[in-house]
Amino acid sequence: MIEMIKLSNGKKLMFLMASGMMGFDGRGPTRAHRIMYDLLKIAGLYDPALFTIITKTISPQPIKGPKKIKPLKNGWWNNYGLDNPGISAFLLRSVQEIRGSENIIISITAQNLAELQIIADKLNIVTPNLTAVELNVSCPNIKKYLDTNLIIDMCYYWKKISRLPLILKIGQKNNYIKIAIKTEKIIQAIDINSIPTVDQHGAGAISGERAQFINWRILRRLIDCVSIPVIGPSVWHYEDIEYLFKMGAGAISFGSVSMVHPKRLWGPILPTKWAKRYLRGG
Ligand SMILES: Cc1cc2nc3c(=O)[nH]c(=O)nc-3n(C[C@H](O)[C@H](O)[C@H](O)COP(=O)(O)O)c2cc1C
């Protein structure tokens with residue numbers, strides 16, 4: 001049996017729904033999705049209890065993003081940006097859902113330590129029992145990436161200001177090996193974002209099977225370099241789960257594969273089916 005990721009608060013991670021897939025409250029990105037997922041739940045086709053759900057990224061202040069997204073043959077292209085209502089409005093709208101859930105990770109982003117402090121203060125008071133916080137330092141659709149040393153400082157600072165376990169979400173453009181080595185004692189897992197690209201749709205990011213080549217190389221390099229558990233991204237077929245666990249991933253994240261895709265309708269049905277199948281032993 002696979003070793004799951006065990007966090008310092010005793011919570012375990014095996015299968016995750018990636019940030020952006022299940023909206024800000026973990027129930028779905030839009031009202032239509034929420035209704036559909038509730039119906040799938042009743043029909044036994046979607047089982048949120050199988051997953052730890054990572055919410056869409058929240059920043060201290062509201063951000064307006066381009067919110068563009070296009071299906072590809074084997075994944076998604078998106079220039080969604082960090083579109084979000086800001087931490088205060090988020091908590092006002094979603095705190096009941098979040099408090100009532102056993103398996104929620106809140107995804108956050110910040111530009112500096114002061115912004116991180118704003119988020120920590122709110123989360124520490126309102127939702128001290130969360131599974132964890134995921135710090136997204138790798139949104140592919142922003143103009144300027146955070147400095148490597150600032151990212152490392154943010155991780156250490158988080159440890160001082162919050163008891164919530166910290167997962168760091170890196171991406172291809174980060175100096176992720178240096179960051180992972182320097183934060184090995186502070187962060188509890190590493191997650192991997194979509195891949196920045198410029199193609200016929202313009203500047204954006206690719207995910208899903210299209211991202212496997214690069215994301216799995218990042219995963220392998222991290223597994224070779226550090227002992228922090230790394231979450232395996234970009235699953236597109238059932239066999240990918242076994243492959244990533246064998247490679248040494250500590251948990252599996254379902255991202256693009258769980259969105260409603262023209263070739264794969266009904267979002268989280270596949271992850272539910274696959275997680276159940278994997279737990280039954282294939
Ligand atoms: C439409 C869309 C929105 C996303 N929003 C976020 C987000 O708010 N925060 C984040 O950290 N990642 C976000 N992601 C990235 C995913 O969480 C995931 O890391 C990425 O798609 C790579 O995994 P995949 O290849 O399995 O899809 C988003 C991805 C898509 C396609």
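Residues numbered from 1 in each chain as written. Predicted model: local features only at pLDDT ≥ 70, side-chain atom pairs only at ≥ 80, totals over all residues.

Draft legend 1. Spatial organisation of the environment of Lys 182. Secondary-structure assignment places Lys 182 in helix α5 (residues 176-183). Once the C-alpha coordinates of Lys 182 and Leu 168 are considered, the two residues, 14 residues apart in sequence, prove to be 12 Å apart. (Helix = DSSP H or I, 4+ residues; strand = E, 2+ residues; numbered from the N terminus.)

Draft legend 2. Up close: the packing of helix α3 (residues 113-126) against helix α4 (residues 148-161). For the pair α3 and α4, the least separation of the axes is 10 Å and the interaxial angle reads 35°. Note on packing geometry: the crossing formed by α3 with α4 is right-handed. Where α3 abuts α4, its residues Leu 113, Leu 116, Gln 117 and Ala 120 lie against Asp 153, Met 154, Tyr 157, Trp 158 and Ile 161. Its residues assigned to classes, the contact of α3 with α4 shows 7 nonpolar, 1 polar and 1 charged. (Axes fitted to C-alpha atoms, helices over the stretch in contact; angles between N-to-C directions. Left-handed = near helix turned anticlockwise from the far one by under 90°. Contact = placed C-beta atoms within 7 Å. Nonpolar A, V, L, I, M, F, W, Y, C, P; charged D, E, K, R; others polar.)

Draft legend 3. Main features of the pairing of strand β12 (residues 202-208). Burial analysis of β12 places 5 of its 7 residues in the buried class, which makes it a mostly covered element. Bridging between strand β6 (residues 75-79) and β12 involves 4 bridges; their strand directions are antiparallel. Bridge assignment links Trp 77 to a residue of β12, and that residue is Ile 206. With 5 bridges joining them, strand β11 (residues 195-199) and β12 adopt antiparallel strand pairing. (Buried ≥ 20, exposed ≤ 12 C-beta atoms within 10 Å, placed from the backbone. Pairing = 2+ DSSP bridges.)

Draft legend 4. Layout of the site of the ligand. The ligand sits among 23 residues. The nearest are Ala 18, Gly 20, Ser 207, Gly 255 and Ser 256. For the shell around the ligand, the elements supplying multiple residues, two or more each, are β6 and β12. Within the shell around the ligand, the residues separate by chemical class into 7 nonpolar, 14 polar and 2 charged. (Near = placed C-beta within 6 Å.)

Draft legend 5. Layout of the nonpolar core. One finds Leu 16, Met 17, Val 133, Leu 166, Leu 168 and Ile 190 to be the most contacted residues of the largest nonpolar core, which totals 74 residues. Looking at this core element by element, the count peaks at 5 residues for α4. With residues up to four places along the chain from it excluded, the contact list for Leu 166 reads Ala 132, Val 133, Leu 135, Cys 155, Trp 158, Ile 186, Ile 187 and Gln 188. (Core = buried A, V, L, I, M, F, W, Y, C linked by C-beta atoms within 7 Å.)

Draft legend 6. Structural context of the environment of Asp 25. Its location among the elements puts Asp 25 in the loop between β3 (15-17) and α1 (31-42). We classify Asp 25 as buried; it has 20 C-beta atoms within 10 Å. In this structure, the C-alpha to C-alpha distance between Asp 25 and Ser 101, residues 76 residues apart in sequence, is 9.7 Å. In contact with Asp 25, other than residues within four places in its own chain, are Thr 55, Ser 94, Glu 97 and Ile 98.

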